[in-house]
Amino acid sequence: MSLKHLKVVKRMFSTGENTPRVCIVGAGTAGFYAAMHLTKNLANVNVDLLEKLPVPFGLVRYGVAPDHPEVKNVINQFTKVAQHPNVKYYGNVTLGKDVSLTQLRQHYHAVLLAYGADEDRTLGIENEDAKNVIAARNFVGWYNGLPSDKDLKVDLSHSTAAILGQGNVALDVARILLSPIDELRKTDITEYALQTLAESKLKELYLIGRRGPLQVAFTIKELREQLKLKNCLTIWREKDFKGVEEIIPNLGRPRKRLTELMIKSLKENHKINEGDLSQKYFMPIFFRSPNRFLIDEQKQLTGVQLNCNKLMGDKPENQTCVPTEEVEVINCGLAFRSIGYKSIQVDNDLIFTPHGTVANDKGCVSVDNSTDLANLYVAGWLGTGPVGVILHTMGNAFHVAKLICEDLKSSNGLVNKGGFEEIKKALPSNNEIVNWNGWEKINKHEVQQGELKGKPREKLCSVKEMLEIAL
Ligand code: FAD
């Protein structure tokens, strides 16, 4: 606990034995795991989960790829958390719009911000606003049914596309674009995305990275899936792998296995066969940074101009890339920017770091100690930055929840705080709050609609429809 936090906790004491009230903002991975830890470790705690959307689960519902249903099994754990008698879910309540941080801190003993990273990073290059330059984040939201992305225009009438970035999100996007449509039909991908993908003319997909094969950010599981796709060949550029094989023995285990897999695939030496119309091609290229998008008179994308880079530095993991004089053009009608997510400053009281996270010390957010407002904490991607998988987010959420428990336990009797009953009084009268029962109605409806199509669920993609069913 920080000194500042300690002072505030002391000021929250009173002689009475009041229920500790914790508000968690964001019902995604970090929010649920924090709530799980709190209810396991503080017998009488009341936890309120506030969520912007009517529906819970954040990126587990709207990020994780539809063909990764096993990853979504964490939803079963989250559901048990939400059904705990001391946990309440309030969907369709947005921090920064319906409620302010000051209000939350007035009516709770601790406030945990876990509202994730809802924006994408931009490249900042010429013509980035051209038609058919799409953020991978929006494309992911589109195929997963995120209400704000459901109307995205995805033009798959072009034969060539490029993904800028080489992380796991980039590989998710590639796999969804290149998977045989019948494989996707069995998943919870949205029906409109299925229809668009079924008519796709895409044949060649480039995956462009600024550094080399030894620095790729994707992991072996995702690459293996990509390499196994039916009707899709992976074509590497041999020149990108110069000297790579010799370095393999010096690499740490995960990087070694990943590099070995790339080399194995490279040696299979696939070639483009113009005659085979059903064949699709996945073409990773390295040492290239986009420096502008090329467009025609209608502002329609025609290609990406790339700077050719070379690596500087000794150790592969620390090497940085520097541009050379050379440029290269990839002709394509569609491009996806996949260079990461960033968090939004939803409340002016929050201090953000230059990296786009809430400034914090291991989860404690610095607070003004001249008032008796509750302590403030941050967990998940909002505090750590948009890195790591569910397991990492879980570890971080447990760590921050432990701090909250320690802070609350160190108080002998808390001043009385009203929690959500007080918040509700200040909400606009037309505010339609979705409780867990409301989500269960939506869930039931989605599963029923899915059954009709042989899918695990057909997601509702409009907030209005969600509210109609939930309320
Ligand atoms: P989120 O899960 O995004 O939760 C934040 C929640 O806050 C959301 O529900 C959001 O609606 C809500 N919110 C936002 N703003 C507000 C507001 N103002 N007021 C109230 N609520 C708000 N990990 C894996 O282990 N396996 C995978 O296959 C995998 N696939 C991924 C695919 C993609 C495309 C992405 C982006 C990530 C993937 N991850 C995967 C990583 C995993 O999703 C994250 O580690 C984790 O979900 C981050 O949790 P979080 O709680 O910080 O954010």
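Coordinates for the structure precede this section.
First things first, this report covers the structure right here in the doc. (Residues numbered from 1 in each chain as written. Predicted model: local features only at pLDDT ≥ 70, side-chain atom pairs only at ≥ 80, totals over all residues. Heavy atoms only, no water.)

**A short note on the site of the ligand**
Here is step 1: Taken together, the neighbourhood of the ligand is formed by 32 residues, with Thr29, Ala30, Glu51, Trp381 and Thr393 sitting nearest.
Here is step 2: Here an oxygen atom of the ligand and a backbone polar atom of Ala30 are 2.9 Å apart.
Here is step 3: With respect to the ligand, the backbone of Trp381 contributes an N or O atom lying 2.7 Å from an oxygen atom.
Here is step 4: Contact with the protein chains covers 94% of the free accessible surface of the ligand, which is 1000 Å².
Here is step 5: In terms of residue class, the shell around the ligand is made up of 17 nonpolar, 11 polar and 4 charged.
Here is step 6: Of the domains in this structure, domain 1 (3-118 + 343-433) and domain 2 (121-341) are the two that each give at least three residues to the shell around the ligand. (Near = heavy atom within 4 Å. Polar contact = N/O pair within 3.5 Å; in protein donor to acceptor, adjacent residues only side chain to side chain. Areas by Shrake-Rupley, 256 points an atom, 1.4 Å probe, with all protein chains shown as cover. Nonpolar A, V, L, I, M, F, W, Y, C, P; charged D, E, K, R; others polar. Domains from an automatic or database assignment.)

**Some words on the sheet that holds strand 8 (residues 204-208)**
Here is step 1: Spatial strand order, 6-14-7-8-10-9: 6 strands in an open sheet with parallel pairing. A single partner strand is all that each edge strand has here, and the edge strands are strand 6 (133-135) and strand 9 (232-234). Geometrically, the sheet is characterised by an average inter-axis angle of 20° between neighbouring strands, direction not taken into account.
Here is step 2: Here strand 9 runs beside strand 10 (residues 280-285); their pairing, made up of 3 bridges, is parallel. Bridging from a neighbouring strand, Leu233 pairs with Tyr281 of strand 10. (Pairing = 2+ DSSP bridges. Helix = DSSP H or I, 4+ residues; strand = E, 2+ residues; numbered from the N terminus. Axes fitted to C-alpha atoms, helices over the stretch in contact; angles between N-to-C directions.)

**Describing the packing of helix 16 (residues 436-453) against helix 17 (residues 463-470)**
Here is step 1: Across the interface, helix 16 lies against helix 17 with an axial gap of 8 Å and an inter-helix angle of 110°. Relative to helix 17, helix 16 is oriented roughly perpendicular. Facing Gly438, Lys441, Ile442 and His445 of helix 16, the residues of helix 17 in contact are Met466, Ile469 and Ala470. (Parallel < 35°, antiparallel > 145°, perpendicular 65-115°, else oblique. Contact = heavy atoms within 4.5 Å.)

**Examining a positive patch on the surface**
Here is step 1: A surface patch of like charges, here positive, comprises Arg224, Lys228, Arg253 and Arg257.
Here is step 2: Those elements giving two or more residues to the positive patch turn out to be helix 10 (220-228) and helix 12 (253-267).
Here is step 3: Its relative accessible area of 34% is what places Arg224 among the partly exposed residues. (Patch = residues over 30% accessible without salt bridge, like charges linked within 9 Å, V, L, I, M, F, W, Y side chains within 5 Å. Salt bridge = Lys/Arg side-chain N within 4 Å of Asp/Glu carboxyl O. Lys, Arg positive; Asp, Glu negative; His and termini not counted. Charge placed at Lys NZ, Arg CZ, Asp CG, Glu CD. Buried < 20%, exposed > 50% of the residue type's maximum accessible area, 1.4 Å probe, protein only.)

**Re the packing of aromatic side chains**
Here is step 1: Taken as a whole and judged by the stated rule, the model has 19 aromatic pairs.
Here is step 2: A centroid spacing of 5.4 Å and a plane angle of 25° characterise the contact between Phe139 and Trp142, whose relative ring orientation is stacked. Taken together, the positions of Phe139 and Trp142, both in helix 6 (residues 136-144) and 3 residues apart, correspond to about one turn of that helix. One exposure class covers both Phe139 and Trp142, and it is buried.
Here is step 3: A connected cluster of aromatic rings, assembled from ring pairs, spans Phe32, Tyr33, Phe57, Phe78, Tyr89, Phe398, Trp436 and Trp439. (Phe/Tyr/Trp six-rings, centres within 6.5 Å; stacked < 30°, edge-to-face > 60°.)

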